[in-house]
Amino acid sequence: DSLMKKLTWWFRIVGGFYLLLAEMNLYFVLINPGFAGTMITFPFAATPDAVQAFVDGWSPFAFEVFGLATFMLWASFNPRRYLGAVWLLVWLEFTHGVLDDIYLIWRGYDMIGYLVFIAVHLAIIVTGILFVRQAEAEVAAASASS
């Protein structure tokens, strides 16, 4: 059960982090789209129309992060039931996190900022894998002994 507590806290901490990201992203998607133009350093000329197009294209990400955050916080109440979801979340961290950040660096966006996010994604990936493997082993041992 102590291993499930680790997974509970993983869901809560990562879910809380995602909720903060969602709040920031939904702020400039829903409330102040012009804020994106002051917050992000674009590697191209950014007219108000270009910023609005960027914000519109960014909106699915903002809503997705909100959905993931609320799911993780909900799953933290019964992590044993959502072990498979941890693997999906780890995979999304890799594809939508690490790979996408590398792509954005390659496209000319802020390298330092995205390297910091890559480090965060890798920390989430490593801890998620460690905790879910431990939890799966605990579940398997409990099943074998009963």
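In the block above lies the structure referred to throughout.
Residues numbered from 1 in each chain as written. Predicted model: local features only at pLDDT ≥ 70, side-chain atom pairs only at ≥ 80, totals over all residues. Heavy atoms only, no water.

Another point: the nonpolar core. The biggest cluster of nonpolar side chains holds 37 residues, and the ones touching the most others in it are L7, W10, F11, Y18, M72 and V86. Mapped by element, the contributors of at least two residues to this core are α1 (2-31), α3 (48-75), α4 (83-106) and α5 (111-145). (Core = buried A, V, L, I, M, F, W, Y, C linked by side-chain atoms within 4.5 Å. Buried < 20%, exposed > 50% of the residue type's maximum accessible area, 1.4 Å probe, protein only. Helix = DSSP H or I, 4+ residues; strand = E, 2+ residues; numbered from the N terminus.)

Let's shift gears to the environment of F94. Along the chain, F94 turns up in helix α4. Residues F94 and H121 lie 27 residues apart in sequence; the distance between their C-alpha atoms is 7.1 Å. In this structure, F94 is in contact with L99 and I125, ignoring residues within four places of it in sequence. (Contact = heavy atoms within 4.5 Å.)

Let's shift gears to the packing of aromatic side chains. Enumeration over the complete set of coordinates arrives at eight aromatic pairs. Ring geometry for W74 versus Y82: centroids 5.2 Å apart, planes at 50°, classification tilted. Looking at Y82, the relative accessible area reads 14%, which means it is buried. Members of the aromatic cluster, each reached through a chain of ring pairs, are F71, W74 and Y82. Above the plane of the ring of W9 lies R12, whose end atom (NZ or CZ) is 5.1 Å from the centre. Its end group placed over the ring of F77, R12 keeps NZ or CZ at 5.8 Å from the ring centre. (Phe/Tyr/Trp six-rings, centres within 6.5 Å; stacked < 30°, edge-to-face > 60°. Lys NZ or Arg CZ within 6 Å of the ring centre and 35° of its normal.)

Bringing the packing of α3 against α4 into the picture now. For the pair α3 and α4, interaxial distance at closest approach is 12 Å and the crossing angle is 150°. Considered as vectors, α3 and α4 are oriented roughly antiparallel to each other. For α3 against α4, the interelement crossing comes out left-handed. Here α3 contributes F61, E64, L68, F71 and M72 to the contact with α4, which in turn contributes A85, L89, L92 and H96. The class makeup of the residues in the contact of α3 with α4 is seven nonpolar, one polar and one charged. (Axes fitted to C-alpha atoms, helices over the stretch in contact; angles between N-to-C directions. Parallel < 35°, antiparallel > 145°, perpendicular 65-115°, else oblique. Left-handed = near helix turned anticlockwise from the far one by under 90°. Nonpolar A, V, L, I, M, F, W, Y, C, P; charged D, E, K, R; others polar.)

Counted according to the given criterion, the structure contains one salt bridge. Residues E138 and R80 are paired through a salt bridge, measuring 3.9 Å at the closest nitrogen-oxygen approach. One end of the pair, E138, is in helix α5; the other, R80, is in the loop between α3 and α4, with 58 residues separating them in the sequence. In this structure E138 comes out as buried when scored by relative accessible area, which is 18%. On the basis of relative accessibility, which here comes to 39%, the residue R80 falls in the partly exposed class. (Salt bridge = Lys/Arg side-chain N within 4 Å of Asp/Glu carboxyl O.)

Moving on: α3. Note: α-helices contain 3.6 residues per turn, so residues at a spacing of three or four share the same orientation. Taking 1.5 Å as the rise per residue, α3 with 28 residues should run 40 Å; its terminal C-alpha atoms sit 40 Å apart, in good agreement. The principal kink in α3, of about 35°, is found at W58, preceding the proline P60 by one to four residues. Those residues of α3 lying buried are V51, F54, V55, S59, A62, V65, L68, A69, M72 and A75. (Expected span 1.5 Å × (residues − 1). Bend = angle between axes of the 7 residues up to and from the residue.)

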